[in-house]
Amino acid sequence: MNYVSKAGMASLIAIFGLTAVGCDGDDGQDGAHTRVLDLAPGAVCANGGVEFGIGFDSNGDGELSDDEITETKVVCNGEDGANGTNALVNLTAELAGGNCEAGGYRVDTGLDNGDGGGTAGNSLLEAGEVDTTSYVCHGVDGFTVLTTLTAAAPASCPDGGQRLDIGLDNGDNSGTARDGTLQTGEIDSTGYICSGTDGASGSDGQTTLVKQDTPSITDCPYGGVTVTSGLDNGDGGGTASNAVLESGEVDYTHHVCNGDQGGGGSQLVDSNGAVLGSVLGATLTEITLRTPDPYNYLLNIAWDGSFLDKFTVYSAAGCTGDAHIYIDGTPNVSIPAKSAFWAGKEGQFMVPNGTGSIANQSLSYESFWEAGNCTDQTGSEDIWAATLMSATSIGLPATITPPLSLQ
């Protein structure tokens, strides 16, 4: 199937821990840039509008050229109404500072009523018309997980062994943050890998190994690091002395998890005050949120309160039969059981079947739905079997009334 993942699905996966989050690594590409163009009334937008171009400034000239844009979104102005004043939302990038430690977005909302010297009905939210301002903040860079191995005291390991200390390089308890040294006050967990009793004369001891992995979504909902350690002794069907810590050789496991990303605990509400959920991240086009307790479903919603019509794969022709979640066809990708993806044809959310962190599987299909169109095509893809659920069954209000705002 010659399709790639949709941006909303990719952002949801990144935010909820399918890639490592908050850990130090190699320098990456500069952050995404945005180009904003006004559209005159015409074939694209009958009443004019705005085109957002998003991409990476590969040549470093400070501007986005056409070939650097990877995604384009168009927001059209609505038709003039007979009466009433439009509610407007203005989203702008917020630099790192007092409002957002690591930067983010400033969200201004208000009526296009000409307050404060503005011009009423011009479809622009001017400074005097702003009624509320809130912020969706990026998560602060995570601290590096550090481990140290030292000789264990006899009281802890009578026959010798290693003491394993784990912690974040965050400066806790008068330590120095980000200095690359795990200081006493920064230690969050301590374990021991003890040697057995002395064996036959001349037999070599086993090496203690430590390994860091990405934790499952169940262990760390917002990402982090799982640290495992043990002796390279071949336990549990492993191979002794091969310098690889295999699953049967693991004697000790510890999870160091990131905190809730971005948003600072902000709640997303509609104009009627209905709570949609906790904000976990945002882009120029959509918000990622977790619906309120006890539902706790993860989903994306557009700034105008609508749901983005995701790519949906069907088991039968004519976009009938069972609906399946498709992201990018990559095998062995896992998503949280409480991820919700909008299926536009069904008017419901697709939620993967299962519990915990669910990997996709190769399943056959006979048609797919994208951007309001159904295409008959047979084959097999790495997809997720899903159950259709209504908005209210995952914790959203039955009706969402824009504009949306943060509390």
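Here, every reference points to the structure presented above.
Structure report, in brief. Note that the structure is predicted; figures quoted are calculated from it, not measured.

## Some words on the overall build of the chain
Secondary structure assignment for the chain yields one helix and 25 strands. Across the 407 residues that make up the chain, the buried fraction comes to 39%. Of the contacts formed within the chain by residues at least 6 apart in sequence, a portion of 55% connects residues at least 24 apart. Counting only carbon and sulfur atoms, one obtains 46% of the accessible surface of the chain, whose full area is about 20300 Å².

## So, the pattern of salt bridges
Tallied over the full model, the rule gives three salt bridges. The partner of Asp108 in a salt bridge is Arg106, with the nearest N and O atoms 2.9 Å apart. Residue classification places Arg106 among the partly exposed residues on the basis of a relative accessible area of 29%. The partner of Asp165 in a salt bridge is Arg163, and the shortest N-O contact between them spans 2.9 Å.

## Describing the environment of Gly344
Its location among the elements puts Gly344 in the loop between β20 (341-343) and β21 (348-352). If we ignore the near neighbours within four places in the chain, the residues touching Gly344 are Asp309 and Trp369.

## Digging into empty space enclosed by the protein
Under the definition given, this model contains one cavity of 30 Å³ or more. Space inside the largest cavity adds up to approximately 60 Å³. Forming the walls of the largest cavity are ten residues, and the residues nearest its centre are Asn300, Lys310, Ala340, Phe341 and Trp342. Looking at the lining of the largest cavity, its residues break down into eight nonpolar, one polar and one charged.

## Looking at the packing of aromatic side chains
Centre-to-centre distance and the angle between the planes together describe a pair of aromatic rings. The tally for this structure, following the rule as stated, stands at five aromatic pairs. Between Phe311 and Phe368, the ring centres sit 5.2 Å apart and the planes meet at 15 degrees, which makes this aromatic pair stacked. One end of the pair, Phe311, is in the loop between β16 (298-302) and β17 (312-316); the other, Phe368, is in strand β23 (residues 361-370), and 57 residues separate them in sequence. Residue class for Phe311 comes out buried when judged on its relative accessible area of 2%. The buried category is assigned to Phe368, whose relative accessible area is 2%. Between Trp342 and Phe349 the ring centres are 4.9 Å apart and the planes differ by 70 degrees, which places this aromatic pair in the edge-to-face class. Judged by relative accessible area, Trp342 falls into the buried class, the value being 17%. Grouped by ring-pair contacts, the aromatic residues Phe307, Trp342 and Phe349 constitute a single cluster. The cationic tip of Lys338 hangs over the ring face of Tyr297; the distance from NZ or CZ to the ring centre is 5.1 Å.

## Re unusual backbone geometry
Residue Asp293 is joined to Pro294 through a cis peptide bond whose omega torsion reads 0 degrees. Tracing the chain through its elements places Pro294 in the loop between β15 (286-290) and β16. Along the chain, Pro402 connects to Pro403 via a cis peptide bond; the corresponding omega equals 5 degrees. Inspection of the secondary structure assignment puts Pro403 in the loop between β24 (373-389) and β25 (405-406). The backbone phi angle of Cys319 is positive, close to 55 degrees, even though this residue is not glycine.

## Brief notes about the sheet that holds strand β14 (residues 275-282)
Taking strand neighbours across the sheet as the criterion, the five strands line up as β16-β15-β14-β13-β25 in an open arrangement whose pairing is antiparallel. The sheet terminates laterally at β16 and β25, the two strands that pair on one side only. With three bridges connecting them, strand β13 (residues 267-269) and β14 associate as antiparallel partners. Each bridged residue has a counterpart across the sheet, and for Gln267 the counterpart in β14 is Ser278.

## A closer look at the nonpolar core
In this structure, Leu268, Ile301 and Ile394 are the most contacted members of the largest nonpolar core, which totals 27 residues. Contributions of two or more residues to this core are made by β5 (104-111), β14, β15, β16 and β21. Of all the elements, β14 adds the most residues to this core, at three residues. Here Ile301 is in contact with Leu268, Leu276, Glu286, Ile287, Leu289, Ser306, Phe307, Ile400 and Leu404, once residues within four sequence places are set aside. One finds Val333, Phe341, Ala343 and Trp384 within the second-largest nonpolar core, a separate group that totals 15 residues.

## Description of the pairing of β15
Counting buried positions along β15 gives five out of five residues, so the element sits mostly inside the fold. The alternating pattern of β15 places Glu286, Thr288 and Arg290 and Ile287 and Leu289 on opposite faces, both of which are buried. Here β14 pairs with β15 via four bridges, running antiparallel. Counted as the bridge partner of Ser278 is Arg290 from β15. Connecting the antiparallel pair β14 and β15 is a turn made up of three residues. Of the strand pairs in this sheet, β15 and β16 are connected by five bridges, and their pairing is antiparallel. If you follow Ile287 over to β16, its bridge partner there is Ile301.

Criteria and thresholds
- Residues numbered from 1 in each chain as written.
- Predicted model: local features only at pLDDT ≥ 70, side-chain atom pairs only at ≥ 80, totals over all residues.
- Heavy atoms only, no water.
- Helix = DSSP H or I, 4+ residues; strand = E, 2+ residues; numbered from the N terminus.
- Buried < 20%, exposed > 50% of the residue type's maximum accessible area, 1.4 Å probe, protein only.
- Contact = heavy atoms within 4.5 Å.
- Areas by Shrake-Rupley, 256 points an atom, 1.4 Å probe, with all protein chains shown as cover.
- Salt bridge = Lys/Arg side-chain N within 4 Å of Asp/Glu carboxyl O.
- 1 Å grid on protein atoms, 1.4 Å probe; cavity = no way out; pocket = protein on both sides within 12 Å on 5 of 7 lines; lining within 4 Å.
- Points joined across faces, edges and corners; volume = space filled by probe spheres on them.
- Nonpolar A, V, L, I, M, F, W, Y, C, P; charged D, E, K, R; others polar.
- Phe/Tyr/Trp six-rings, centres within 6.5 Å; stacked < 30°, edge-to-face > 60°.
- Lys NZ or Arg CZ within 6 Å of the ring centre and 35° of its normal.
- Pairing = 2+ DSSP bridges.
- Core = buried A, V, L, I, M, F, W, Y, C linked by side-chain atoms within 4.5 Å.

By themselves, these are just geometric observations and shouldn't be taken as functional.
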